[in-house]
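Residue-level listing of the chains:
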Amino acid sequence: MTLPPKPPSRPENVSLRQYLKLFRADILSAQPARLYRAWMAEFRTPFFRSYLCNDPQLVDLVLKKRPDDFPKSNRIREGLAPLLGNSVFLTNGETWKRQRRIIDPAFEGGRLRDTFPAMWAAGQACVARLRAQADGTPIEIEAETSHAAADVIFRTLFSIPIEHAVAGAVFSEFRAHQRAQPLLNLAALLPMPKWLPRFHSKNTKRTAAKIRALITQLTEARAAAIAAGHAPDDLATKIMTTPDPETGAIFDTDEMVDQVAIFFLAGHETSASALAWALYLMATHPEWQARAAAEAEANLTGENQTFSTLNKLKLTRAIFRETLRLYPPVPMMVREATCPEEFRERRVKAGAQVVISPWHLHRHERLWDAPDAFDPARFETENGKACLREAYIPFSTGARVCPGAGFAMAEGPLILAMILQAFEITAVAERPAVPVAHLTVRAKDGIWLRLTPREAP
Ligand code: HEM
């Protein structure tokens, strides 16, 4: 059995200088292999210490039991603030709690159901774009899944497709921004002293300002439509009209712009990464692809599809879930200890960085059976069920769990099924995908696949 691609690990002993160099190139291959077996690893540097925690009890402590004592590290803030301002992704404490009280209701069950027609339309548009290229020549699929995921966000948030002038401009400015600054702020994880100033390049600031200006246009137009009583009933309207149940206040335009920026960023980069890897795994596991295509054909044919269609895509959901295990789009999360702690009989000082790594936890050799194999059926086994509870956190867990988790678990399997119903997918032997961590887990030189239309049965 060929295993899905995994980055090589670095040698055990390297100097700090070598580590920094490797780290800058790619966080995943800069780590030693022992992290796939260790319950905890301490990194000592001249400036600070960080602790990578794989012990499920420690993960539970940091993310679920005492999240207030392990807030988001300020180092994360520094890199992302020009684009994301005071968005829920970056705030801590009372501000964060208030923002979640307003945002969370928009992603609850009933509301999620209402987003189905927009997701379906985005899926159809994606299939149409792919059909125009599906002649068996290699296609770089990450670009396509990014396009599709951005389309889903604009359709569900603002009721506009990606072809809308402002939506399209946000999407293309965003790519420029990523080129100017890889968005996962490496400084957050890098062992650098806090006093070292970190500059944003002029380019980063300029592209961030452009994106924010475009989003402000959309948000102001929506505020006016709400005031005039003719706003569409979508996620933006829901969030902008939901008062904080504790204070009665609603988001002002600036704060809404911050939130839209993070919905766009967190909502499209992650889903695009997961969908691209799922398609790659289908190409490299044709037996699973055939089964998923048959499931799609049996359930997606015919008009008037509704949210309940998703319940029928059981196999596709299992495939998507297994993809998120092997390629968690957010590979690592950083928190900061605010008070002295004892972790596995080791003293952890206040200010230490605590790293939770879905990447390592999901492939932990002492937790998972066949950790590096692709097996969507594993979640039906005792081991798979236990690990799902204890060692599976693609959306994080606890109070700061991804508010878009339900949304992503609807969008991902749906669009995957729509693509597999339409096309047979094969890998391009000369271009294997090599995972690397940018903002999300991507492939070093893209994910290349051949698509050919399936014969109508
Ligand atoms: C496969 C898709 C997705 C994955 C794997 C994912 C994963 C995550 C993870 C791991 C976090 C926690 C990060 C941390 O604490 O450092 C997070 C936070 C967040 N995600 Fe997602 N996400 C996905 C899709 C979405 C979507 C579709 C949306 C919105 C439309 C969204 C909005 C957010 C927001 C706003 C936060 C910040 C929450 C907070 O800090 O309180 N995500 N996501």
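None of these values were measured; they are calculated from a predicted model.

Draft legend 1. Spatial organisation of the overall build of the protein. Within the protein, the secondary structure is distributed over 18 helices and 11 strands. The C-alpha atoms of the protein give 22 Å as radius of gyration, which agrees with the globular expectation for 457 residues (23 Å, within 12%). Projecting the C-alpha coordinates of the protein onto the three principal axes gives extents of approximately 60 × 60 × 40 Å. Across the 457 residues in the protein, those meeting the buried criterion constitute 56%. Of the contacts formed within the protein by residues at least 6 apart in sequence, a portion of 73% connects residues at least 24 apart.

Draft legend 2. Broad picture of the packing of helix α6 (residues 116–131) against helix α18 (residues 405–422). Put simply, α6 and α18 touch, their axes get as near as 9 Å, and they point 35° apart. Regarding α6 and α18, the two cross each other, and that crossing is right-handed. Residues F116, M119, W120, G123, Q124, C126, V127, L130 and R131 of α6 lie in contact with α18, whose contacting residues are F407, A410, E411, L414, I415, M418, I419 and A422. In the contact of α6 with α18, the residues fall into 13 nonpolar, 2 polar and 2 charged.

Draft legend 3. Up close: the coordination of the iron atom of the ligand. Just one protein atom donates to the iron atom of the ligand; it is C402 (SG), sitting 2.3 Å from the metal. With respect to the helices and strands, the residue C402 is situated in the loop between α17 (382–390) and α18.

Draft legend 4. Spatial organisation of the site of the ligand. W96, R100, R335, R400 and C402 are the nearest of the 24 residues found near the ligand. The separation between an oxygen atom of the ligand and a polar side-chain atom of R335 is 2.8 Å. For the ligand, an oxygen atom lies 2.9 Å from a polar atom in the side chain of R400. Residue assignment for the shell around the ligand shows that the elements contributing at least two residues are α4 (93–103), α12 (253–284), β4 (333–336) and α18. Ranked by residues supplied to the shell around the ligand, first place goes to α12 with 4 residues. Split by residue class, the shell around the ligand holds 15 nonpolar, 5 polar and 4 charged.

Draft legend 5. Layout of the confidence of the model for the protein. Of all residues in the protein, 93% attain a pLDDT of 70 or more, and the chain-wide mean is 90. A low-confidence stretch, residues 182–187 (pLDDT under 50), is modelled with 21 contacts involving residues beyond four sequence positions or located in other chains. In this model, residues 193–197 is a region of pLDDT below 50 whose contacts with residues beyond four sequence positions or in other chains number 5 contacts.

Reading guide: rules and limits
- Each chain carries its own residue numbering, running from 1 in the direction its sequence is written.
- The predicted origin of the model limits local features to residues at a pLDDT of at least 70 and limits the giving and counting of side-chain atom pairs to 80 or more, whereas totals for whole chains, interfaces and linings rest on all residues.
- Derived side-chain values reflect all non-hydrogen atoms in the structure, with water molecules and hydrogen atoms excluded from consideration.
- In DSSP terms, a helix is any run of H or I states spanning at least four residues, a strand is any run of E spanning at least two, and both are numbered starting from the N terminus.
- In this setup the radius of gyration rests on C-alpha atoms only. A globule is expected at 2.2 Å times the number of residues raised to 0.38.
- Using a 1.4 Å probe on the protein chains alone, a residue whose accessible area is under 20% of its type maximum counts as buried, one over 50% counts as exposed, and one in between counts as partly exposed.
- Contacts were defined at the residue level, with two residues in contact if any of their heavy atoms lie within 4.5 Å.
- Convention adopted: a line fitted to C-alpha atoms gives each axis, helices being fitted over their contacting stretch, and angles between N-to-C directions are expressed from 0 to 180 degrees.
- Each helix crossing is assigned a hand: it is left-handed if the near helix lies turned anticlockwise from the far helix by less than a right angle, otherwise right-handed if that turn is clockwise.
- We call Asp, Glu, Lys and Arg charged. Ala, Val, Leu, Ile, Met, Phe, Trp, Tyr, Cys and Pro are nonpolar, and the rest, Gly among them, are polar.
- Here the coordinating atoms are restricted to nitrogen, oxygen and sulfur within 2.8 Å of the metal centre, or 3.2 Å for Na, K and Ca, and because water is not among them the sites may look incomplete.
- A single heavy atom is enough: if one lies within 4 Å of a molecule or strand, its residue is considered near that molecule or strand.
- The term polar contact refers here to a pair of N or O atoms within 3.5 Å; inside protein, the definition further demands a hydrogen-donor-capable atom paired with an acceptor-capable atom, and it admits residues adjacent in sequence only when both atoms are side-chain atoms.
- Each residue carries a pLDDT value, the predictor's own confidence for that position, ranging from 0 to 100.

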